[in-house]
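These are the residues of each chain, in order.
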Amino acid sequence: MAAPELDHKTYLDPILARYGHAALHLMQILREAQEHFGWLHPDAIDYLTEQLHVPRTKIEGVASFYSFFYLQPRGRYRVLFSDNITDRMLGSKALMDRMCRNLWVEPGKMSEDGLVSVDFTSCTGMCDQGPALLVNNIAITRMTEQRVDEICDLIREQVPLAQWPAEFFRVEDNIRRKGLLLEDGFVPGSALQAAFAHGPEGMLDEVRASGLRGRGGAGFTTAIKWESCRNAPGEAHYVVCNADEGEPGTFKDRVLLNGYADKVFEGMTLCGYVIGARKGMLYLRGEYRYLRDHLEAVLARRRERRLLGANVLGQAGFDFDIEIHFGAGAYICGEESALIESLEGKRGTPRNRPPFPVTHGYLNQPTVVNNVETFAATCHIALKGGAWYAAIGTARSAGTKVMSISGDCARPGIYEYPFGVSVRQMLEDCGAANTQAVQVSGPSGVTVSRAEFDRVLAFEDIGTAGAFMVFDDSRDMFEVARNFVHFFAHESCGFCTPCRVGTSLLKNLMDKLHNGHGSPYDFQEIERLNALLLSMSHCGLGHTACNPVLDTIAKFRPAYEVRMLHQEFTPAFDLDWSLQAARQMTGRDDSGAHLHNEEEASR
Amino acid sequence: MSKTFTLDGKDVPFRDGQTIIEAALEAGHYIPHLCHHPDFKAHGSCKLCTVKVNGRQTASCTMQAAEGQVVESETEELNSERRALTQMLFVEGNHFCPSCEKSGDCQLQATAYHLNMMTAHYDHFFPNRPLDASHPDFLLDFNRCILCSLCVRASRDVDGKNVFALAGRGIKSHLIVNARSGKLADTDFSAADKAASVCPVGVILPKRRGFAVPIGERTFDKQPIDAYVDTRIARKEE
Ligand SMILES: Cc1cc2nc3c(=O)[nH]c(=O)nc-3n(C[C@H](O)[C@H](O)[C@H](O)COP(=O)(O)O)c2cc1C
Ligand code: SF4
Ligand code: SF4
Ligand code: FES
């Protein structure tokens, strides 16, 4: 690959200028550099090193952490198939194979002419309209064989992305059931007016009275967070909106940001008012890059209407503005302290806690991190009061929850329910039939079996960040769990030993079972690993990484038992499998190129 | 009156701002650890130092000591989990102790002995990690790196150089050096750096000094690792 003599300075200078030559913005600088050049060339890194006054190791350390940064050429068209189980169920694997065949590329490798690469990526949040993929980080939905062929033609003819059919990029909201959050008619500014009438303390009292708990998964009481942050001393306070939405099967934040961005930004502004912040940041997952123009337009409109900027709505002394920061393909950056590291232009490694972000967050200053939906909900609390809000839902889970429903059902999409709704009701509403299981809250959540369909969504029963993936009787729950385990191994940040090594060991164990080498011994191993990850891991990713396996072992044991082909321990090593590389090199796959043993013959 | 917490039933005094492991080591009580080093800011990644504080597990190198804490460390439960972590570190890299210059001086090996680790238990990953022999005086054998980041902290915080850094993510995490070529020879690393002597395992090794101290007379041949609590390993050799 003889790269032409390139002047990286030409495209880097304006980017550096835009970000004030500050290493703090390294993530955004790298993203823009790459959007320009396709990958991060060593000469570009040399120049950034010099201009940002950081060691090269810093840039390489950051770039190599995130899936969407490339330190090696990856092709002018970079195709990434979403690898959530829902995409798989819709046939993504066969589509990817077809594309690779059409384009003569191997998955994960760049074509020899440097034109294209095709690979998998973690869930892209399009589960209700999959199979989905990203081309140069822009989402394409509803893949079919025909669409694969069309895309291959466009790539071969080197048609710029901007000229591809707009239909490819259409992302539907698919809102099927509206509650208070998704109802239309919110007047931008109205919640702020209401909050100003309450005053910062009065507004905090309303949030307290509402009983609102975080919608990002952990369900932490929002008022306590806001109050601790408000009371924490610091040079500046910050509001961060967590729109990383990395949990496979979750796509409700995408819809909230697409159709209800004003409400989300207004909630952030309210929070800024309460805690005394001047700056808010939206941390948006890289997969949602296509939302940027829309969101920037909403922000611009809000500035015009004085809903952002100096003296918001004429409120003397209350200055507030919002910036958008993009992630670059790392699920761990949804964890709030890793997210803050990423905002600061670093590797997304969870911090040691305490101290927590409410006292030592962004730039070590008091910071509130809330989910998109949490902020949106606070607008309604400002408008109608905490007591009104608290009356919705259940005693310990106030309000409504926006759910992303996908998988085996007639009407996948977005459903808003008051807390307390049963799994059975939701299955009925989305048109699910012969359901054997629902994965609530993604791989880190819980696998709900048929016997439990009367359980309800609520922090006191099934807590949830918003994913609801439906599996009918035709699905193999072992393969579902195996997909989730691969996800965790891929997304472990690698900071702590138990999760870095443990998730890979777990993945190997599940693959071993998949390959027919399982024995009861492996169950014990899985249980031991789970105990270790739970007690020793540094953050929630490691703590929950074994959940899908433990749940499916407990509830869908037959799916594992058919894989227990051995009574005694059997090594994972397979002589025939180890000849795979040789077969590939010689292009042979006939029976003479295989070793046969009795077990295989009897299978 | 100094403040105290209890460690396995024994009173341990501490000063404000000290972590549990700092106070424990200072008082002569060993808690297994690999990424902790008294001279550097805590990292908290290896998790070997995990203890139970008032019933909850947490890394003792990042947990501040507080009056009246009830800390458990030498329990069969914790030690068996620590053993599993140690086994994980062994299978993640390529550790052929008999041919390693660091054998007998290696904290990973000594910790494994301390925890009665008899086998690696898990299947080896056998990663492919080429050596870096580019530097005239030092060799980097990445096969043994346990990603403790001590060299990173030493180079950054003491030497003011940033020769080393962690790169990659997840199981692909690895150590890099500060040069476009990726070679130590092209960095400003020098034998006098703190980073040159801080590695707890056998990654950063001086050249042409093989087996100067014979096996059998090395640090942990003389005493097991838990006997070195008041003088840290790196200093002991001087
Ligand atoms: C591995 C991991 C991933 C997470 N991903 C997200 C996410 O994508 N979005 C989110 O809002 N919270 C996520 N969280 C939870 C956040 O750490 C944090 O609790 C949340 O953003 C707080 O907002 P809330 O109180 O409004 O829920 C994640 C946590 C962990 C441990
Ligand atoms: S538990 Fe996993 S994701 Fe969390 S810090 Fe440890 S390695 Fe990183
Ligand atoms: S080289 Fe040594 S000191 Fe550096 S991270 Fe690896 S094991 Fe730790
Ligand atoms: S010594 Fe505490 S985590 Fe490594």
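Residues numbered from 1 in each chain as written. Chains lettered and ligands numbered in written order. Predicted model: local features only at pLDDT ≥ 70, side-chain atom pairs only at ≥ 80, totals over all residues. Heavy atoms only, no water.

Asks: Quick question: what am I supposed to make of the overall build of chain A here?
Replies: Summing up its helical and strand segments, chain A has 24 helices and 14 strands in all. On C-alpha atoms alone, chain A measures out to a radius of gyration of 25 Å, which is about the 25 Å that the 2.2 N^0.38 rule sets for 603 residues. Overall size of chain A, expressed as C-alpha extent along the three principal axes, is 80 × 65 × 45 Å. Contacts in chain A between residues far apart in sequence, at least 24 positions, make up 73% of those at least 6 positions apart. Counting every atom, chain A has about 22,800 Å² of accessible surface; 51% of that belongs to carbon and sulfur. Each charge class in chain A was averaged separately, 61 positive and 77 negative side chains, and the resulting centres sit 3 Å apart. (Helix = DSSP H or I, 4+ residues; strand = E, 2+ residues; numbered from the N terminus. Rg over C-alpha atoms; globule rule 2.2 N^0.38 Å. Contact = heavy atoms within 4.5 Å. Areas by Shrake-Rupley, 256 points an atom, 1.4 Å probe, with all protein chains shown as cover. Lys, Arg positive; Asp, Glu negative; His and termini not counted. Charge placed at Lys NZ, Arg CZ, Asp CG, Glu CD.)

Asks: Even after reading the chapter, I still don't get the pattern of salt bridges, so can you show me in this structure?
Replies: Think of it this way: side chains of opposite charge can pair up when their charged atoms draw near. All names here are of chain A. Under the defined criterion, the tally for this structure stands at 68 salt bridges over all chains. Where Asp262 meets Arg302, a salt bridge forms, and the shortest distance between an N and an O atom there is 2.5 Å. With Asp262 in helix H11 (residues 261-275) and Arg302 in helix H12 (residues 292-304), the pair connects residues that are 40 residues apart, well separated along the chain. The class of Arg302 is buried, set by a relative accessible area of 1%. Close ionic contact of Arg528 with Glu525 constitutes a salt bridge, the shortest N to O distance being 3.8 Å. Of this pair, Arg528 and Glu525 both sit in helix H19 (residues 520-536), three residues apart, which is roughly one turn of the helix. Take Arg528: its relative accessible area is 38%, and that puts it in the partly exposed class. Residues participating in the shared-partner salt-bridge network are Arg18, Arg31, Glu32, Glu35 and Arg289. (Salt bridge = Lys/Arg side-chain N within 4 Å of Asp/Glu carboxyl O. Buried < 20%, exposed > 50% of the residue type's maximum accessible area, 1.4 Å probe, protein only.)

Asks: Is there a simple way to think about the packing of helix H17 (residues 477-491) of chain A against helix H18 (residues 497-514) of chain A in this case?
Replies: To describe two helices that pack against each other, one gives the angle between their axes and the distance between the axes. Residues and elements named next belong to chain A. Between H17 and H18, the least distance of the axes is 9 Å, while the angle of their chain directions is 150°. Looking at the two axes, H17 sits roughly antiparallel to H18. When the axes of H17 and H18 are compared, the crossing they make is left-handed. Mapping the contact onto sequence places Phe478, Glu479, Ala481, Arg482, Val485, His486, Phe488 and Ala489 in H17 and Thr503, Ser504, Leu506, Lys507, Met510, Asp511, Leu513 and His514 in H18. Broken down by class, the residue content of the contact of H17 with H18 amounts to eight nonpolar, four polar and four charged. (Axes fitted to C-alpha atoms, helices over the stretch in contact; angles between N-to-C directions. Parallel < 35°, antiparallel > 145°, perpendicular 65-115°, else oblique. Left-handed = near helix turned anticlockwise from the far one by under 90°. Nonpolar A, V, L, I, M, F, W, Y, C, P; charged D, E, K, R; others polar.)

Asks: Whenever I open this one, empty space enclosed by the protein confuses me. Can you help?
Replies: Any empty space left between atoms is shown by rolling a water-sized probe over those atoms. Residues and elements named next belong to chain A. Under the counting rule described, the total for this entry stands at five cavities of 30 Å³ or more. Lining of the largest cavity is provided by 18 residues; of these, Arg285, Glu287, Gly329, Ala330 and Tyr331 occupy positions nearest its centre. Of the residues belonging to the lining of the largest cavity, the class tally is seven nonpolar, seven polar and four charged. (1 Å grid on protein atoms, 1.4 Å probe; cavity = no way out; pocket = protein on both sides within 12 Å on 5 of 7 lines; lining within 4 Å. Points joined across faces, edges and corners; volume = space filled by probe spheres on them.)

Asks: I tried to follow the sheet that holds strand E1 (residues 3-7) of chain B on my own but got confused; where do I start?
Replies: Within a beta sheet, neighbouring strands are joined by backbone hydrogen bonds and run either parallel or antiparallel to one another. All names here are of chain B. Strand order in the open sheet made by the five strands is E2-E1-E5-E3-E4, with mixed pairing throughout. On the outer flanks of this sheet lie strand E2 (10-14) and strand E4 (56-59), each paired with one strand and no other. Ignoring strand direction, the axes of neighbouring strands in this sheet form an average angle of 35°. Sheet topology places strand E3 (residues 50-53) next to E4; four bridges connect them, and they run antiparallel. Following the sheet pairing, Val51 is matched in E4 by Thr58. Sheet strands in contact with helix H2 (residues 76-92) are E3, E4 and strand E5 (70-72), and its direction is about 155° off that of E3. (Pairing = 2+ DSSP bridges.)

Asks: Whenever I open this one, the nonpolar core confuses me. Can you help?
Replies: As a rule of thumb, nonpolar side chains are buried together in soluble globular proteins. Ranked by internal contacts, the top residues of the largest apolar core, which has 186 residues, are A:Tyr66, A:Leu284 and B:Phe164. Tallying contributions element by element places H11(A) first for this core, with nine residues. Setting aside residues up to four positions removed in sequence, B:Phe164 forms contacts with A:Thr57, B:Leu140, B:Cys151, B:Val152, B:Ser155, B:Leu175, B:Ile176, B:Val177, B:Leu184, B:Phe189, B:Ala195 and B:Ile204. Judged by nonpolar contacts, the second largest core, of 26 residues, contains A:Met99, A:Leu103, A:Cys152 and A:Val159. (Core = buried A, V, L, I, M, F, W, Y, C linked by side-chain atoms within 4.5 Å.)

Asks: Looking at this structure, I do not really get the pairing of E1(B). What am I missing?
Replies: For a regular strand, side chains alternate in direction, first toward one face of the sheet and then toward the other. All names here are of chain B. Note that E1 and E2 share five bridges and pair antiparallel. Counted as the bridge partner of Thr4 is Pro13 from E2. Bridge analysis of E1 against E5 gives two bridges, and the strand direction is parallel. When the bridges of E5 are listed, Leu7 appears paired with Val71.

Asks: Looking at this model, I keep getting lost on the packing of aromatic side chains. Mind explaining?
Replies: To describe a pair of aromatic rings, one takes the distance between the centres and the angle between the planes. Inspection of every chain in the model, using the stated rule, returns 23 aromatic pairs over all chains. Ring geometry for A:Tyr11 and A:Phe37: centres 5.9 Å apart, planes at 5°, overall stacked. With A:Tyr11 in helix H1 (residues 8-18) and A:Phe37 in helix H2 (residues 26-37), this pair connects stretches of sequence that are 26 residues apart. Through a chain of ring-to-ring contacts, the aromatic side chains of A:Tyr77, A:Trp164, A:Phe168 and A:Phe169 assemble into a single cluster. Here A:Arg285 stacks its cationic end above the ring of A:Tyr288, 5.3 Å away from the centre of that ring. When the ring centre of A:Phe65 is taken as reference, the NZ or CZ atom of B:Arg169 above it lies at 6.0 Å. (Phe/Tyr/Trp six-rings, centres within 6.5 Å; stacked < 30°, edge-to-face > 60°. Lys NZ or Arg CZ within 6 Å of the ring centre and 35° of its normal.)

Asks: Any chance you could explain the domain arrangement of chain A here in plain terms?
Replies: Put simply, an interface is often sized by how much accessible area is lost when its parts join up. Domain annotation for chain A reports domain 1 (5-65), domain 2 (77-165), domain 3 (177-181 + 188-390), domain 4 (402-472) and domain 5 (477-595). If you average the C-alpha positions of domain 1 of chain A and of domain 4 of chain A, the two centres end up 43 Å apart. (Domains from an automatic or database assignment.)

Asks: Sorry if this is basic, but what is going on with the interface of chain B and chain A here?
Replies: The interface of chain B with chain A comprises 39 residues on the first partner and 42 residues on the second. For the pair chain B and chain A, the summed buried surface comes to about 3,100 Å²; carbon and sulfur atoms form 56% of the total. Among the residues chain B hides against chain A, the three largest losses belong to B:Met88, B:Arg169 and B:Arg180. Together they make up 26% of the total. Between the two partners, chain B and chain A, sit four salt bridges. (Buried area = accessible area lost by both parts, 1.4 Å probe.)

Asks: Sorry if this is basic, but what is going on with the site of ligand 1 here?
Replies: Residue and element names in this part refer to chain A. As a matter of local geometry, ligand 1 sits amid 18 residues, with Gly216, Asn242, Asn370, Asn371 and Thr374 nearest to it. Contact distances for ligand 1 include 3.0 Å between an oxygen atom and a backbone N or O atom of Glu336. Within the complex, the protein chains bury 88% of what would otherwise be the 610 Å² of accessible surface of ligand 1. Of all elements in the fold, only strand E9 (367-371) and helix H20 (540-544) reach the threshold of two or more residues within the shell around ligand 1. (Near = heavy atom within 4 Å. Polar contact = N/O pair within 3.5 Å; in protein donor to acceptor, adjacent residues only side chain to side chain.)

Asks: Even after reading the chapter, I still don't get the environment of A:Asp589, so can you show me in this structure?
Replies: Residue and element names in this part refer to chain A. In this structure, Asp589 sits in the loop between helix H23 (580-586) and helix H24 (598-602). Sequence spacing of Asp589 and Val255 is 334 residues, and the spatial spacing of their C-alpha atoms is 47 Å. Reaching out from Asp589, the side chain makes a polar contact with the side chain of His594 at a distance of 2.8 Å.

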